[in-house]
Amino acid sequence: MEDKKPGMLYDAAREALDRLLGVGTNATGDGLTMKALLLDNQTLEMMTVLFSQTQLLERGVFHVHTIATAAAATGAKIKFLKAVTWLRPTPESLRSLAAELSTVQRYPSYTLGFSHVVPTEGLHALAMADHSELVKDVVECFVDFVVINRELALAPLPARIPRLTNRDAEATRIASAVSSLCLTLRRRGRIRVQNTSADARKVAAELLGMFGSEPDVFDATSRVGGGEALILIVDRSIDPVAPLLTPWTYQSMLHEHIGVVANTVTLPGQKPEDVYVMSPFQDSFFSKNMFSNWGDLCVNVRNFVEEYRDAMQGTGTGKDRSTASLEDLRNAVANFGQNKLMSALAVKHVGAVTHLSDVVRSRKLFDISNLEQDMLADSNPADQMQRLTTLAADPAIERRDILRLCMIYAARYESKPGAAATTRTDELLVSSPPADRDTLVKYRDYCRVGLSQPFTSAALFQSTGVVSSVLSFMKGMPDVENMLTHHEPAIKTYLTQAINGKLSSEHFPFVSGPAPPAGWRPKDVILVMTCGATYDEAMFVSRFNNSATPANATVGAAAAAQAAAADAPQCYLCASEMLSSRSFMDLLKGGAN
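In short, a report on the structure. Quantities reported herein were computed from a predicted structural model and do not represent experimental measurements. (Residues numbered from 1 in each chain as written. Predicted model: local features only at pLDDT ≥ 70, side-chain atom pairs only at ≥ 80, totals over all residues. Heavy atoms only, no water.)

## With respect to the overall build of the protein
For the protein, the count of helices and strands is 26 helices and 13 strands. In the protein, which comprises 593 residues, the proportion classed as buried is 54%. (Helix = DSSP H or I, 4+ residues; strand = E, 2+ residues; numbered from the N terminus. Buried < 20%, exposed > 50% of the residue type's maximum accessible area, 1.4 Å probe, protein only.)

Structure below.
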């Protein structure tokens, strides 16, 4: 079954920016008019995941630089380029833009675009600065988030564990991203919030303030789109285990073992200028395999390399020049561009998968992941502690992996209220560095707050949860991959309940007015995770949106299923950060400071 909305956030964001760049409109004249694009540091990151350099050139953009650099620069004026700005309406960006308009005036005209609603006083200051009347147009371009996947939006900020730090600025940034997401989707938002999270309540308050400060903008946009979105705001405590688990799908593994930044990765020893783009929007192989498990991924990479080799031989490129016919040479020239693209993709993905394979083998991640899944799916503390002790004695197992296992064990067995002060994981880490022991204590305390709530513990560990014991089923399966990817994130429970109207009003109350009438069904569900999400959680949201019609369904049943799926709410994930196990543990280590 195809995506119900191909591209989703990506297409919506690009459509908004195309209006700003004048593609198909008269915002800046002809779409091919030569332009300079002025960005700030945050919109620069947003732009890089939406458009490649070639795509910007196709839109007439010949020069890109930051507004702060432009305002501080001196030099000749550039008369042959029209300036287009896309900025976050922060005080710093507005001051730099005012300086550009009043003093620098490097370009003959300016079209202004902002990622969110500009305060009235900000517009007034810009109008006063534009004494030469250089501003020709102001275009709405409400995209205040980084589009990572089709359903995944990121508010670029450093995440923090709740209850440990002051997050006023972070809450404002997340609320700005979510409100602009509502504008992009053309939905009015109904807000529900995790009542045990001060952090989530802070984001909800900021979001309500933004909705109330510009009611005309949000009301008009929702009338155009028709329908309401449910905005469910939670923090990391609803599932403190997910960031610690060993991932086994391509995108998740890249982030865990290499690090993904704005859909790019840099392999160890690789030059910064040789960075690999791992974007579902710019890489066809990655788009098809980003959610593939490890076994399928290795097979698909091998098949792609063989396909590339066959294509080279079929066009004559791989043949000896002395024996190549004129037809071979003609085919080689005709397919040169496609073959070059396939070559680049093959080199990139073979290099990435080879590195991941070395990591999996050297760190014995199959053994580690097998124990992780067993701890989640089966209550057997004595046996699992024995296996954990055995792994801890293995010199090939890295210290951080032992710490991860201890943290998962602590969440499973040692984090209930009233648990003993000194635990078996403390004893296991007695010879570890103090920082590791301190991280375990902080994590255990964090879990005790989160798992003390009945809705959280049920979603993770109890027999009604998504990781209830299936050991008897797993033992009959020859594919080890199924055992290592059995765990499903706890957000499955909350999204399913939210869509079906069964989410607890006690634990997740509405804060944007009275509860909707019985039978109310949102057009979209925006899950906001204030303290970071994982790529496995993002994968689940994508699969949740694109559930396939059963293969053995009749034609009528398949059509009915597709119609029902098309009418089902779309789910989106908006997070403050994409977490790896390392970044999550680093946040715990620094949180108390």
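## Remarks on the nonpolar core
W86, I231, I233, Y250, L254, Y443 and I526 are the most contacted members of the largest nonpolar core, which totals 145 residues. No other element matches helix α17 (residues 399–414), which puts ten residues into this core. In terms of nonpolar packing, the next biggest core, distinct from the first, is built from 19 residues, L87, L94, L112 and L126 among them. (Core = buried A, V, L, I, M, F, W, Y, C linked by side-chain atoms within 4.5 Å.)

## Focus: the packing of aromatic side chains
If you walk through the whole model with that rule in mind, you get ten aromatic pairs. Considering the side-chain rings of W248 and F366, the 4.8 Å spacing of their centres and the 10° angle between planes classify their relative orientation as stacked. Of this pair, W248 sits in the loop between β9 (228–234) and α10 (250–257) while F366 sits in helix α15 (residues 365–377); the two residues are 118 residues apart in sequence, bridging distant segments of the chain. Judged by its relative accessible area of 2%, W248 is buried. Lying over the aromatic face of W520, R190 brings its terminal NZ or CZ to 5.6 Å of the ring centre. (Phe/Tyr/Trp six-rings, centres within 6.5 Å; stacked < 30°, edge-to-face > 60°. Lys NZ or Arg CZ within 6 Å of the ring centre and 35° of its normal.)

## Some thoughts on the pattern of salt bridges
For the structure shown, the criterion picks out 21 salt bridges. For D144, the salt bridge is made with R88, and the minimal N-O distance between the two is 2.8 Å. Of this pair, D144 sits in the loop between β5 (135–140) and β6 (146–149) while R88 sits in the loop between β3 (82–87) and α5 (91–104), and the two are 56 residues apart along the sequence. Of the residues examined, D144 reaches a relative accessible area of 0% and is grouped as buried. Residue D144 is joined to R173 by a salt bridge in which the shortest nitrogen-to-oxygen separation is 3.5 Å. Placement of D144 in the loop between β5 and β6 and of R173 in helix α7 (residues 168–185) is noted, with a sequence separation of 29 residues between them. Salt bridges sharing partners connect three or more residues here, namely R363, E372, D401 and R404. (Salt bridge = Lys/Arg side-chain N within 4 Å of Asp/Glu carboxyl O.)

## Quick word on the side chain of T423
With respect to the helices and strands, T423 occurs in the loop between α17 and α18 (424–428). Its relative accessible area of 6% is what places T423 among the buried residues. Within the structure, T423 has its side chain in polar contact with the side chain of E414 (distance 3.0 Å). At a separation of 3.0 Å, a polar atom in the side chain of T423 contacts the side chain of R444. With sequence-adjacent residues up to four places away left out, T423 is seen in contact with E414 and R444. (Polar contact = N/O pair within 3.5 Å; in protein donor to acceptor, adjacent residues only side chain to side chain. Contact = heavy atoms within 4.5 Å.)

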